[in-house]
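Structure at a glance
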Amino acid sequence: MTLTDLTLGAAREGLRAREFTARELTLAHLRAIEALNPRLNAYITVMHDRALDQADAADAALARREAGPLAGIPLAIKDLFCTEGTRTTAGSRILGPFVPPYESSVTTNLLRDGAVFLGKANLDEFAMGSSNITSAYGPVENPWQRAGDTEAKLVPGGSSGGSAAAVAGRLALGSTGTDTGGSIRQPASFCGIPGMKPTYGRCSRWGIVAFASSLDQAGPFARTVEDCAILLRSMAGHDPKDSTSVDRPVPDYEAACRRGVKGLRIGIPREYHVDGMPAEIEALWERGKAWLREVGAELVDVSLPHTKYGLATYYIVAPAECSSNLARYDGVRFGMRENGEDLRDLYERTRAAGFGAEVKRRILIGTYVLSAGYYDAYYLRAQKVRALILKDFTEAFARVDALLTPTTPSAAFAQGENMDDPVKMYLNDVFTVPASMAGVPGMSVPAGLDAQGLPLGLQVIGRPFDEETVFAVSAALERAADFSARPALRAEG
Ligand code: GLN
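A brief look at the structure comes next. Since this is a predicted model, take the numbers as computed values, not measurements.

Here we look at helix H7 (residues 225-235)
- Burial analysis of H7 places nine of its 11 residues in the buried class, the great majority of the element.
- Those residues of H7 that fall on the buried side of the exposure criterion are Val 225, Asp 227, Cys 228, Ala 229, Ile 230, Leu 231, Leu 232, Ser 234 and Met 235.
- Directly after H7, the chain includes Gly 237, whose backbone phi takes a positive value near 135 degrees.

Given below as structure tokens:
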């Protein structure tokens, strides 16, 4: 048995049956990381000793039959979640030396349930990006390669690129990500694994380094839909420390995966047929529709007329919020400092040296759209259009139970491609951003390979707080797609 190749659910059973110990499972992953991380760069920090201590604690709890639902399950944690006593960089030089004195609420929940943290996963700087190229700790390589091409290094998507690559490359059984405009769903699609962005408010944002506070949401990656369901159940829940987290019971998402889709109405949004979309992605979408129809769902054409404004408004709202959130990195309170002649000089030198080019671009755009002369023309206008995008979804969900779309307009591209023009990079998010703007849940499911042998994902979008239907539809797609291909670069621990 290859321990690193197990699903999270199978590992849970194996641990309970004492077929192997949490320590063995963790060691297998640490060995896999040692072997493959130098190539993939999926982890910024490996938590070797802490992981083994947590594994031993899980073994003791398992022996006493007091184990939590994730006892002994080794995970990667996006390096945007604060981990007490372990460096948290947010992929930025400015937070390089930052060791949080507190644990984020989501990771606290995972630890409560017995999870083992293998390390902190690489990401685009402050979660801004779609390729993991903007990390100050170097790019992540996608474990997938184009058929017959071992030269080109592909991007894993972003911003949660390390979290997705670690799971696809068998360097973790599951991982946490965050999604502001697509940062879970897009890398999931590029790396051939499922990934779920829950409803805004489902998971606490407390202790997650903020990018755009009205959009940021935590969610899981794993190698099956059911494994994502298991993780989300532990991650989610009300938190008095985050006033935007919602006080609602957390349902049994795992059970929802087995519900089936008989009688469900699935909307196909007309506006997601964008110009220039590769025929392969259109074909994949068609296959997805046929699969759902075969298992008893009814397909309904719907219209989300404001989809075309999604990206434009996102790239006003997200930078606006980031320019405000990132004001706190001033060289005084967190992370690195460049000394200056006076306080202002210290701020300027620290921020000039600490932030990368993409982060600076966003701060500039955000400061501009919030400035006195332009606030009404850009920020306020964008917020109004955002309300219309939400209204589109609300109207569609009066008629259908979920929506089916492609996740991305392309498969993974190579490092260096799309880098010349930021707008080209932003276009990656065209299908993921609208659900973010509306705050509704969305999941990417691997559904097939393109002609180059690269994975492509389908996206399921649901009603607010109805992650259960999203899991039910995603699991049905997963069963039909029977996606069993594996990436070229993977650990055999
Ligand atoms: N790619 C998008 C951006 O760069 C989304 C990032 C995210 O979801 N964190 O903003």
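Examining the layout of surface pockets
- In this structure, the largest pocket encloses a volume near 380 Å³.
- If you trace the largest pocket, you find 21 residues lining it, with Arg 170, Arg 223, Thr 224, Phe 483 and Ser 484 closest to the centre.
- Contributions of two or more residues to the lining of the largest pocket are made by strand S10 (442-449) and helix H16 (467-481).
- Per-class residue counts for the lining of the largest pocket are 10 nonpolar, four polar and seven charged.

Describing the site of the ligand
- Around the ligand sit 15 residues in total, of which Thr 180, Gly 181, Ser 183, Tyr 314 and Arg 362 are the nearest.
- At 2.8 Å from a nitrogen atom of the ligand is found a side-chain nitrogen or oxygen belonging to Ser 130.
- Between an oxygen atom of the ligand and a main-chain N or O atom of Gly 181, the distance comes to 2.6 Å.
- Calculation on the ligand without its partners gives an accessible area of 290 Å², and the protein chains cover 100% of this total.
- Put simply, the ligand lies in the largest cavity.
- Class assignment for the residues of the shell around the ligand results in five nonpolar, seven polar and three charged.

Comments concerning the pattern of salt bridges
- The tally for this structure, following the rule as stated, stands at 28 salt bridges.
- Two residues, Arg 486 and Asp 5, come together in a salt bridge whose shortest N-O distance is 2.8 Å. Here the residue Arg 486 occupies a position in the segment after H16, and Asp 5 occupies one in the segment before helix H1 (8-16), the gap between them amounting to 481 residues.
- The partly exposed category is assigned to Arg 486, whose relative accessible area is 39%.
- For Arg 12, the salt bridge identified is with Glu 13, shortest N-O distance 3.6 Å.
- Judged by its relative accessible area of 14%, Arg 12 is buried.

Observations concerning unusual backbone geometry
- A cis amide bond links Gly 158 to the next residue, Ser 159, at an omega of 5 degrees.
- Inspection of the secondary structure puts Ser 159 in the loop between strand S3 (116-121) and helix H5 (161-168).
- Residue Asn 132 is not a glycine yet carries a positive backbone phi of 60 degrees.
- The topology assignment puts Asn 132 in the loop between S3 and H5.
- One non-glycine residue, Arg 170, adopts positive backbone phi at about 65 degrees.

So, the environment of Ala 451
- Inspection of the secondary structure assignment puts Ala 451 in the loop between S10 and strand S11 (455-462).
- Here the alpha-carbon distance between Ala 451 and Val 225, two residues 226 residues apart in the chain, equals 25 Å.

Overview of the packing of helix H12 (residues 357-370) against helix H13 (residues 375-396)
- Where H12 contacts H13, the two axes come as close as 7 Å, and the packing angle between them is 105 degrees. The angle between H12 and H13 places the two elements in the roughly perpendicular class. For the pair formed by H12 and H13, the contact residues are Tyr 368, Val 369 and Leu 370 on the first element and Tyr 375, Tyr 378 and Tyr 379 on the second.
- Residues of the contact of H12 with H13, tallied by class, amount to six nonpolar, no polar and no charged.

A closer look at the pairing of strand S8 (residues 298-302)
- The pairing of strand S7 (residues 265-269) with S8 spans five bridges and is classified as parallel. Within S8, the position partnered with Ile 268 by the bridge is Asp 301.
- Following the backbone out of S7, through helix H9 (residues 279-294) and into the adjacent parallel S8, one traces a crossover that is right-handed.

Describing the packing of aromatic side chains
- Scanning all chains against the criterion turns up 16 aromatic pairs.
- Pairing Tyr 272 with Phe 431 gives two aromatic rings, centres 5.4 Å apart and planes at 20 degrees, and the pair type is stacked. Here the residue Tyr 272 occupies a position in the loop between S7 and H9, and Phe 431 occupies one in the loop between helix H14 (422-426) and helix H15 (433-438), the gap between them amounting to 159 residues.
- For Phe 431, a relative accessible area of 1% corresponds to the buried category.
- Ring centres of Tyr 375 and Tyr 379 lie 5.3 Å apart, and the angle between their planes is 45 degrees; this geometry places the pair in the tilted category. Of this pair, Tyr 375 and Tyr 379 both sit in helix H13, separated by four residues, roughly a single helical turn.
- Look at Tyr 379 and you get buried, because its relative accessible area is 13%.
- Here the guanidinium or amino end of Lys 241 rests over the ring plane of Trp 206, the centre of that ring lying 4.0 Å away.
- Against the face of Trp 285 rests Lys 289, its NZ or CZ located 4.8 Å from the ring centre.

A few points about the packing of H7 against H16
- Two elements in contact, H7 and H16, have axes separated by 9 Å at closest approach and are oriented at 155 degrees. Taken together, the axes of H7 and H16 lie roughly antiparallel to each other. For the pair formed by H7 and H16, the contact residues are Val 225, Cys 228, Ala 229 and Leu 232 on the first element and Glu 467, Phe 471, Ser 474, Ala 475 and Glu 478 on the second.
- Residue composition of the contact of H7 with H16, by class: six nonpolar, one polar and two charged.

Section: empty space enclosed by the protein
- Tallied over the entire structure, the rule returns one cavity of 30 Å³ or more.
- The computed volume of the largest cavity comes to approximately 80 Å³.
- In terms of lining, the largest cavity is formed by 14 residues, of which the most central are Ala 127, Gly 129, Ser 183, Tyr 314 and Asp 429.
- Broken down by class, the residue content of the lining of the largest cavity amounts to five nonpolar, seven polar and two charged.

About the cut-offs
Residues numbered from 1 in each chain as written. Predicted model: local features only at pLDDT ≥ 70, side-chain atom pairs only at ≥ 80, totals over all residues. Heavy atoms only, no water. Buried < 20%, exposed > 50% of the residue type's maximum accessible area, 1.4 Å probe, protein only. Helix = DSSP H or I, 4+ residues; strand = E, 2+ residues; numbered from the N terminus. 1 Å grid on protein atoms, 1.4 Å probe; cavity = no way out; pocket = protein on both sides within 12 Å on 5 of 7 lines; lining within 4 Å. Points joined across faces, edges and corners; volume = space filled by probe spheres on them. Nonpolar A, V, L, I, M, F, W, Y, C, P; charged D, E, K, R; others polar. Near = heavy atom within 4 Å. Polar contact = N/O pair within 3.5 Å; in protein donor to acceptor, adjacent residues only side chain to side chain. Areas by Shrake-Rupley, 256 points an atom, 1.4 Å probe, with all protein chains shown as cover. Sits in = over half its atoms within 2 Å of the grid points. Salt bridge = Lys/Arg side-chain N within 4 Å of Asp/Glu carboxyl O. Axes fitted to C-alpha atoms, helices over the stretch in contact; angles between N-to-C directions. Parallel < 35°, antiparallel > 145°, perpendicular 65-115°, else oblique. Contact = heavy atoms within 4.5 Å. Pairing = 2+ DSSP bridges. Right-handed = clockwise from strand over helix to strand, strands pointing away. Phe/Tyr/Trp six-rings, centres within 6.5 Å; stacked < 30°, edge-to-face > 60°. Lys NZ or Arg CZ within 6 Å of the ring centre and 35° of its normal.

Purely geometric stuff here, so don't read any function into it on its own.
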